[in-house]
Amino acid sequence: MEQQKLQELLSDMSLTEKVDQLLQVGGFYLEKEGMVTGPENTVGFTQEEIDLAGTVLGSIGAEKLRRIQKAYMEKQPHHIPLIFMADIINGYRTIFPIPLAQGCSFDPELAKEGAAIAARESAAAGLHLTFSPMVDLVRDARWGRCMESTGEDPYLNRQFARAMVEGYQGEQDADGAVALAKKGKIAACVKHFAAYGAPIGGRDYNTVELSERTLRDDYLPAYQEAIEAGVSMLMTSFNTLDRIPSSGNRRLLRDILRDEMGFKGVVISDWAAIEEMCNHRIAEDRKEAARLAMEAGVDIDMCTTCYSRNLDALVQEGIISETLIDEAVMRILKLKNQLGLFENPYKDADEQEEKEIILCGEHRRAARKAAADTFVLLKNDNILPLKQAAANTAFIGPHVENKMIYGGWSLFGRAEDTVSIADALRERKPDAVSAKGSAMLDNNRGLEVFDDTLDYQRDERQAAAMLQEAAEKAKAAEVVVLALGEHRLQSGEAASRANITLPDCQMELFRAVHAANPNVVVVLFSGRPLDIREITQKAKAVLAVWQPGTEGGNAILDVLYGDVNPSAKLSMSFPYCVGQVPVFYGGMHTGRPYEESMKEKFLSRYLDIPNKPLYPFGYGLSYAAFDISPVTLDGTVLIHEKGSSIRAKVTVRNTGSCAGQEVVQLYIQDQAASVARPVRELKGFRKIALDPGEEKEVYFTITEEMLRFTNIDMKFASEAGNFYAFVGNSSETQNKAEFLLK
Ligand code: BGC
């Protein structure tokens, strides 16, 4: 539809009709025949609100969405179609590894392909928009939603933000336009704006306190990248920032987001975030909350009646201008138009296609490869890969049979479609010995509502018998693969943890198995970095597999048996213990820097633990070994003018006996600046494949642009002076060369 027609449509709509376009309701309300009443209607929507709501959350299925759309459009006075939205975060039915794991691949193409597959499957099931990517920077492993982010680093997050947006929506054309109506594509929504990943104490929904400089230099770049990649929608966050809830933060949503960052799309609140401004004690009532959010520039109210019950009155009383409503509605109509919904309200919803492509072989193969490429080998004392011939390996632990190995927000993932380790073994090593050994959890604390299905230790005698069986099987085996880790409900939204350890019952199992047989390989499942000191100290190998998704079991055996050589690197540091958290590689220089060898007391250090994390960002082993030559620069002076650059070079050689991939990383350190600077910052990486004995030269181009930061005058600019370029295979590399910016 042309812009002129959209304008005419808008002019013809009543105020109530316009206000209802700004309301999003759960699909639940539309899926039922007739009105949802009584306690089921938790929000208390009226039939009229449901009939006129502009967008829908959480419903999927080609036949169902076609039916809902048809019935809705018949009632809607101007036959305006709905947009169907849902959280397709790790995939639709073919589930990929969680984003935190995807970040570890250091391969944005992997995320792009995963997003493209998620788009294809969900578009066939009638979806129009996904609430992804989540690009919140995460540095506190206690926060349950670490799993939804690609990690602690602004540069890495940017690459993945772009990749995911392009995977869902397709790439922009030369004019920056995105063909959202194209078959198999869906609109993307970047979230949660802003800085939701930094709640104090790692407690979900808690206050965020960041300096404006940190916000700008570390937290905003990934949202900015998504915007530049053409993301269609942006979601506000639940938290306050500088004591203002995001959904009522006019400066954040208008001055920064729209004016500075150039976002032109639709802004949606997070679930009930407008209403929650009453709980934040920013708004006295929902009417005030609605006013604050509308003035701040939130277009869609997710799942509350704040807008639908109050905006009419706020306009009639002259408190807000109807122009604000018109602008918001126009942005929504434009998105509907970009999706092609005025011409084809069902878009790609197609039952036949659903059957053909969902979980098809191609998608499963991609998920299997993606999963294996995200596993981080944290330790290996020459025990992995397992010998194919070694029949005598026991597979023990509560995760061996577990099929729920997909992360939170795999809303439509199904256990029956998922390959557990045990399923994969049945195919590959049908005679493998296995035992559960322990429950997944010690108790149901905090997860009481899931009690019926929760695997926790309920009976001591049974627990002792399981432990004994495991120890006996471990003793009889040559090697034990111990599959331990978090329950999937221990990470995700509202799943913050103060103790980021494994449950006691699993640690008891670890100790019993280790005592029976020290040849232990731990396969570690988790939605966040964990405190695994004891495990890494005692186990011969540790492979972090996160929450690997539909093909997890197959991918794990691929890596354990060496069909795939692990190549991933941590996207988030593993803390030494929780007392260090937040711990990340890019902290600021202090006035009292400390190195582990120093004995002085009055330094920035802990008395009882090291400063360094257990495993740093960028770290990960391979079955191959790589030698990286000293870094050389083709010049030592960078002139502050357009086009000037320095090339850093290293030669990487595979000194191991198998082919493998290495992630070569460039970090820059600013020697002196007008404000304190991170000790180093990732500015580039390359993932290269090398056969045994092969070597390759790897180059990075260093430009003045890479050296910019928010300076003492709050300007984003570089400052002349000395810098180090570090090139290596983790954030702790000492391989460096110096250059000068003039
Ligand atoms: C989450 C969002 C999600 C939304 C809709 C909220 O609770 O914070 O990330 O997109 O629900 O499901």
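Just above sits the structure.
As the structure is a computational prediction, the values presented were derived from the model and not from experiment.

Caption draft 1: Inspection of the layout of surface pockets at higher detail. The calculated volume of the largest pocket comes to roughly 1,100 Å³. In terms of lining residues, the largest pocket is bounded by 31 residues, among which Tyr-585, Met-588, Tyr-594, Asn-611 and Val-679 are the most central. Considered class by class, the residues forming the lining of the largest pocket number 14 nonpolar, 10 polar and 7 charged. Empty space within the second largest pocket amounts to approximately 820 Å³. Around the second largest pocket, the lining comprises 31 residues; the ones closest to its centre are Arg-158, Asp-217, Pro-221, Arg-708 and Phe-716. Sorting the residues of the lining of the second largest pocket by element identifies helix H8 (154-169), helix H9 (212-228), strand E22 (681-690) and strand E24 (709-710) as the ones contributing at least two each.

Caption draft 2: Broad picture of the site of the ligand. Contacts to the ligand come from 13 residues, most closely from Asp-87, Arg-145, His-192, Asp-270 and Glu-493. At a separation of 2.7 Å, an oxygen atom of the ligand approaches a polar side-chain atom of His-192. Within the side chain of Asp-270, one N or O atom sits 2.5 Å away from an oxygen atom of the ligand. Summarising the interface, the protein chains cover 94% of the accessible area of the ligand, which totals 310 Å² for the free molecule. Split by residue class, the shell around the ligand holds 7 nonpolar, 1 polar and 5 charged.

Caption draft 3: Broad picture of the state of the cysteines. Tallied over the full model, the rule gives 0 disulfides. Looking at Cys-104, it has no disulfide partner, and the nearest cysteine sulfur is the one in Cys-146, 12 Å off. Counting only cysteine sulfurs, Cys-146 is the nearest neighbor of Cys-577, a cysteine outside any disulfide, at a range of 16 Å. The exposure class of Cys-577 is buried, given its relative accessible area of 12%.

Caption draft 4: Examining the nonpolar core more closely. Ranked by size, the top nonpolar core spans 127 residues in total, and within it Phe-131, Phe-193, Met-233 and Leu-311 carry the most contacts. A total of 8 residues in this core trace back to one element, the largest contributor, which is helix H13 (residues 322-338). Beyond its immediate sequence surroundings of up to four residues, Met-233 is in contact with Met-85, Leu-129, Phe-131, Ala-188, Cys-189, Val-190, Phe-263, Val-266, Ile-268, Ile-300 and Leu-335.

Caption draft 5: Spatial organisation of the pairing of strand E5 (residues 187-193). The buried fraction of E5 is high, at 7 of 7 residues. With 2 bridges connecting them, strand E4 (residues 129-130) and E5 associate as parallel partners. Paired with Thr-130 across the two strands is Ala-188, which belongs to E5. This β-α-β element, E4 to H8 to E5, shows right-handed connectivity. The pairing of E5 with strand E6 (residues 233-236) spans 3 bridges and is classified as parallel. Bridge pairing in E6 links Phe-193 to Thr-236. Chirality of the crossover, the property in question, places the unit of E5, H9 and E6 among those that are right-handed.

Caption draft 6: Highlighting the sheet that holds strand E13 (residues 433-435). As summarised here, the arrangement of the 6 strands in space is E11-E16-E15-E14-E12-E13, forming an open sheet in which the pairing is mixed. Two strands lie at the open edges of the sheet, namely strand E11 (376-380) and E13, each paired on one side alone. Each neighbouring strand pair of the sheet contributes to a mean axis angle of 15°, computed without reference to strand direction. Sheet analysis places E11 next to strand E16 (residues 541-544), joined by 4 bridges and oriented antiparallel. Within the sheet, the bridge partner assigned to Leu-377 lies in E16 and is Leu-543.

Caption draft 7: Local environment of the sheet that holds E4. If you walk across this open sheet you meet the 8 strands as E9-E6-E5-E4-E3-E2-E1-E10, and the pairing is parallel. Edge positions in the sheet fall to strand E9 (266-268) and strand E10 (301-302), since each has one partner strand and no second. Sheet analysis places strand E2 (residues 55-57) next to strand E3 (residues 83-86), joined by 3 bridges and oriented parallel. Within the sheet, the bridge partner assigned to Leu-57 lies in E3 and is Met-85.

Caption draft 8: Focus on unusual backbone geometry. Geometrically, the link from Lys-191 to His-192 is a cis peptide bond, its omega value of -5° lying close to zero. If you trace the backbone, His-192 turns up in strand E5. The residue after Val-581, namely Pro-582, is reached through a cis peptide bond having omega 0°. With respect to the helices and strands, Pro-582 occurs in the loop between helix H20 (552-560) and strand E17 (626-628). A positive phi angle is found at Asp-242, which is not glycine, with a value near 50°.

Caption draft 9: Broad picture of helix H5 (residues 62-75). Taking 1.5 Å per residue, 14 residues should reach 20 Å; H5 reaches 20 Å between its end C-alpha atoms and fits that length. Turning to H5, its buried residues number three or more, namely Ala-62, Leu-65, Ile-68, Gln-69, Tyr-72 and Met-73. Buried residues of H5 fall within an arc of 135° about the axis and therefore sit on the same side.

What counts and how
- Residues numbered from 1 in each chain as written.
- Predicted model: local features only at pLDDT ≥ 70, side-chain atom pairs only at ≥ 80, totals over all residues.
- Heavy atoms only, no water.
- 1 Å grid on protein atoms, 1.4 Å probe; cavity = no way out; pocket = protein on both sides within 12 Å on 5 of 7 lines; lining within 4 Å.
- Points joined across faces, edges and corners; volume = space filled by probe spheres on them.
- Nonpolar A, V, L, I, M, F, W, Y, C, P; charged D, E, K, R; others polar.
- Helix = DSSP H or I, 4+ residues; strand = E, 2+ residues; numbered from the N terminus.
- Near = heavy atom within 4 Å.
- Polar contact = N/O pair within 3.5 Å; in protein donor to acceptor, adjacent residues only side chain to side chain.
- Areas by Shrake-Rupley, 256 points an atom, 1.4 Å probe, with all protein chains shown as cover.
- Disulfide = S-S within 2.5 Å.
- Buried < 20%, exposed > 50% of the residue type's maximum accessible area, 1.4 Å probe, protein only.
- Core = buried A, V, L, I, M, F, W, Y, C linked by side-chain atoms within 4.5 Å.
- Contact = heavy atoms within 4.5 Å.
- Pairing = 2+ DSSP bridges.
- Right-handed = clockwise from strand over helix to strand, strands pointing away.
- Axes fitted to C-alpha atoms, helices over the stretch in contact; angles between N-to-C directions.
- Expected span 1.5 Å × (residues − 1).
- Arc of directions from axis to C-beta.

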